Protein chains: 2
Amino acid sequence: MTKPYTSMTMAELAVIRNELNKQYEEFQELELSLNMSRGKPSPEQLDLSRGMLDILGAESDLICADGEDCRNYGVLEGIPEMRQFFADLLGVEAGQVIVGGNSSLNMMFDMMASAMHDGFPGYTPWGKEEEKPQFLCPVPGYDRHFSVTEYFGIEMVLVPMTPEGPHMDIVESMATLHRRIKGIWCIPKYCNPQGITYSDAVVQRLASMKPAAPDFKIFWDNAYCVHELTDTPDTLLNIMEECRKYGHEDRPVQFCSTSKITFAGSGVAAMAGSENTLKNFRRRLSFQTIGPDKVNQLRHLRFLKDMDGVKAHMEKHRQILAPKFAVVMRFLEEELTGTGAASWITPKGGYFVSVDVMEGCAKRVVELCEQAGVTLTHAGATYPYGQDPKDSNIRLAPSFPPVEELEQAMQLFCICVKLAAVERMMDY
Amino acid sequence: MTKPYTSMTMAELAVIRNELNKQYEEFQELELSLNMSRGKPSPEQLDLSRGMLDILGAESDLICADGEDCRNYGVLEGIPEMRQFFADLLGVEAGQVIVGGNSSLNMMFDMMASAMHDGFPGYTPWGKEEEKPQFLCPVPGYDRHFSVTEYFGIEMVLVPMTPEGPHMDIVESMATLHRRIKGIWCIPKYCNPQGITYSDAVVQRLASMKPAAPDFKIFWDNAYCVHELTDTPDTLLNIMEECRKYGHEDRPVQFCSTSKITFAGSGVAAMAGSENTLKNFRRRLSFQTIGPDKVNQLRHLRFLKDMDGVKAHMEKHRQILAPKFAVVMRFLEEELTGTGAASWITPKGGYFVSVDVMEGCAKRVVELCEQAGVTLTHAGATYPYGQDPKDSNIRLAPSFPPVEELEQAMQLFCICVKLAAVERMMDY
């Protein structure tokens, strides 16, 4: 058993620091240039969908289920068969789905814009309320959610994550007490960055709670809904069904996309919600565009076909991704267990591994890695305004680099985590 | 020579009305179901780009000029070669271009949203000014421009069109007098609906004028920049160059797309402006999305190649469209010349023919056509809030129906125009 750094004497720490410094310098001599910062699929993963590129050709039938020519204008909410596809993926009715362009982030941004400008039927637009609206932000979380919130001048109220999802005692008490709190960001399955899936109890409490704001919304970004890494997938309750049980069907707005199923930049995004929830968004959409890229929708349908097709396709992603996550976990476990220098959660899906290094050390770890040629997501990125109050959380993104690069990067990362911790201990 | 209705006696009008009513009833018996309402390309036009569908395939190189994989995330402003493509199309530098998704309308909407929320560097956001901002709207114009303006609560100030473009005496005096007037909508070439191209003098005056609002913008929707119907294309001055001559390079924001070049629903849109003009939009974009569909950009480039490719491709569109416009013009000339019941402009490009029927008759003409099975763009659509103060303008869209349907529809249309005029005359 490794002795934790916190139980060591200064002399013991000094020995370890010298050893780590030597190892670190050896890495610097390698002049690496590796990148573990971004949740991007690797070229091998993108190659899995090469067949989609020419699945439509000169002889293809390009008429969608409602008789419209997919090449032409119109069909504002997406072709019927693609709405059904996403309905199946999200567990809702096709009529509750709006299919968009290539970016679910863009749909979240536009939904927030609509909430601010138009509000929800019967309620004041959020942007016209007397007090600035607020949003609950489980942390660590996804920087892009935070920046959308920031753009619209919505204040962010931090809620800690637990291994079961957001800390629901805090969510409930905050939402119940403050009418300004208009919603919550959720990545309910294999969340970014921790890979946590919300427990049934958490989903039920989100669905049943009674926020002070009657137009409280759950922004349910189901980005990793079919992104498994194991044979024993996490299960997630259907948020729409749970909400309906309590008469709260207007509460959730679901988002998802095929970005990490087919092509990250050229996928298809969708959102879903009750008629009431989407009413003003639909009106806005009719001002904003004449319709989405329906040819790309058709291309996706021909390629993925249905939920079985998606499942089979995601299994191929898993074959590429699982070994990369295994590398990350192996190094964390072999190098850091028992040191007290870091803790982590083993994700069963998604795109990230979240590591909490010793408090006050995250920036230093990222800096050390950078100086030895390995780029990590910048420290603080998982918190609103880029400010991690404990300077502890680091998001690792193992999807893009090849396995051998990942091994080098993880070896260095563990050295840096330990070195930063030892430096920190000796600094007290 | 036909005697104009205005010079006829009641008795003469009664004879004509009876004759027209008989013709109209014969049409009603045909039980037509034709649609001349929408500026959509026909299936034959869309077939011209079928080759684009599988121009990228399993073996294709999918790396763009800056080394990025087009299938993956990123490249927020579009791939370099597509920015160059649109730069060539719009007469600007590639660095001044942002390539978007499938809809230029969406980019106009987002630009307006950015102007309202973020404003332009050094100036108050339009939505935070004390007085409601206003926009100059040349009429008749494009209903979608008006509805974007309306959505953001921007007041619309009507400016009449002349055969050379917007009435510049009015534009200049209004813009010079009122600081609230923040911009003008322009479709400078083959405008919707009249097919007018702005004269050099109009472009120069737009470029050189001194509006009271220092952040005055020209929203330059160059939707029909390469959409010719004749061998003698209209020429349009380069708005960016003209503005630069007067130190007003921050004034124009240009928009265009390939919607009416390749696929109406699956084209590529772009905008262009000075660094200053696009600065806050770029920032907004970085919150809104991770990047556009770059695979579709690459697909377009491989298919259209360059400006020569576009020109050759547009010639094929012309072969399909020009005969349809010829039908419209032939009927107008043969049936309505000299009656005083309507006036029109012969467009040399674009997608529409604008007909001014006798004042107070447009709604009646559209109603009569509808009741005999021919759907036209609803009367008033070419004016803000759908209200044509003279109830006179009707937009004909000949692109979609086949020639034989168009002939029937135009025959009926001319009967209805005359019938409505005669009814009107006899009503006085």
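Structure's up top.
Residues numbered from 1 in each chain as written. Chains lettered and ligands numbered in written order. Predicted model: local features only at pLDDT ≥ 70, side-chain atom pairs only at ≥ 80, totals over all residues. Heavy atoms only, no water.

1. Observations concerning the nonpolar core
Part 1 of the argument: Core analysis: the biggest nonpolar cluster contains 82 residues, and Leu206, Leu396, Met410 and Phe413 of chain B have the highest contact counts within it.
Part 2 of the argument: Examining the composition of this core, we find that 15 residues originate from one element, helix H14 (residues 403-427) of chain B, more than from any other.
Part 3 of the argument: The contacts of Leu396 of chain B, once residues within four sequence positions are left out, are Met36, Val328, Tyr351, Phe352, Val353, Val355, Leu376, Met410 and Phe413 of chain B.
Part 4 of the argument: In this structure, Val159, Met209, Ile415 and Leu419 of chain A belong to the second largest nonpolar core, which totals 81 residues. (Core = buried A, V, L, I, M, F, W, Y, C linked by side-chain atoms within 4.5 Å. Buried < 20%, exposed > 50% of the residue type's maximum accessible area, 1.4 Å probe, protein only. Helix = DSSP H or I, 4+ residues; strand = E, 2+ residues; numbered from the N terminus. Contact = heavy atoms within 4.5 Å.)

2. With respect to the relation of the copies chain A and chain B
Part 1 of the argument: Between chain A and chain B, which share one sequence, the superposing operator has a rotation angle of 180° and an axial displacement of 0.0 Å; the RMSD is 0.0 Å. Taken together, the turn and the small shift mark the pair as related by a two-fold rotation axis. Taking C-alpha positions as the reference, the residue of chain A nearest the rotation axis is Asp54 of chain A, at 2.1 Å.
Part 2 of the argument: Of all interface residues in chain A, 100% are interface residues in chain B too; the two copies therefore contact each other through one and the same surface. (Least-squares fit on C-alpha atoms with pLDDT ≥ 70 in both.)

3. A short note on the packing of helix H7 (residues 168-177) of chain A against helix H8 (residues 200-208) of chain A
Residues and elements named next belong to chain A.
Part 1 of the argument: It is at 10 Å that the axes of H7 and H8 come closest, and there the two elements cross at 5°. Accordingly, the angle class assigned to the pair H7 and H8 is roughly parallel. Taking contact as the criterion, the partners of Met168, Asp169, Val171 and Glu172 in H7 are, on H8, Val202, Arg205 and Leu206.
Part 2 of the argument: Here the contact of H7 with H8 is composed, by residue class, of 4 nonpolar, no polar and 3 charged. (Axes fitted to C-alpha atoms, helices over the stretch in contact; angles between N-to-C directions. Parallel < 35°, antiparallel > 145°, perpendicular 65-115°, else oblique. Nonpolar A, V, L, I, M, F, W, Y, C, P; charged D, E, K, R; others polar.)

4. Quick look at the pattern of salt bridges
Close approach of charged atoms allows side chains of opposite charge to pair.
Part 1 of the argument: For the structure shown, the criterion picks out 44 salt bridges over all chains.
Part 2 of the argument: Residue Lys22 of chain B is joined to Glu19 of chain B by a salt bridge in which the shortest nitrogen-to-oxygen separation is 3.9 Å. Taken together, the residues span about one helical turn, with Lys22 of chain B and Glu19 of chain B both in helix H1 (residues 10-30) at a distance of 3 residues.
Part 3 of the argument: Note on Glu19 of chain B: relative accessible area 37%, which makes it partly exposed.
Part 4 of the argument: A salt bridge links Arg180 of chain B to Glu155 of chain B, with the shortest nitrogen-to-oxygen separation between them at 2.9 Å. Of the two residues, Arg180 of chain B sits in the loop between helix H7 (168-177) and strand S6 (181-186) while Glu155 of chain B sits in strand S4 (residues 155-162), which places them 25 residues apart along the sequence.
Part 5 of the argument: When salt bridges with common partners are traced through the structure, they connect Asp47 and Arg50 of chain A together with Asp69 and Arg71 of chain B into a single cluster. (Salt bridge = Lys/Arg side-chain N within 4 Å of Asp/Glu carboxyl O.)

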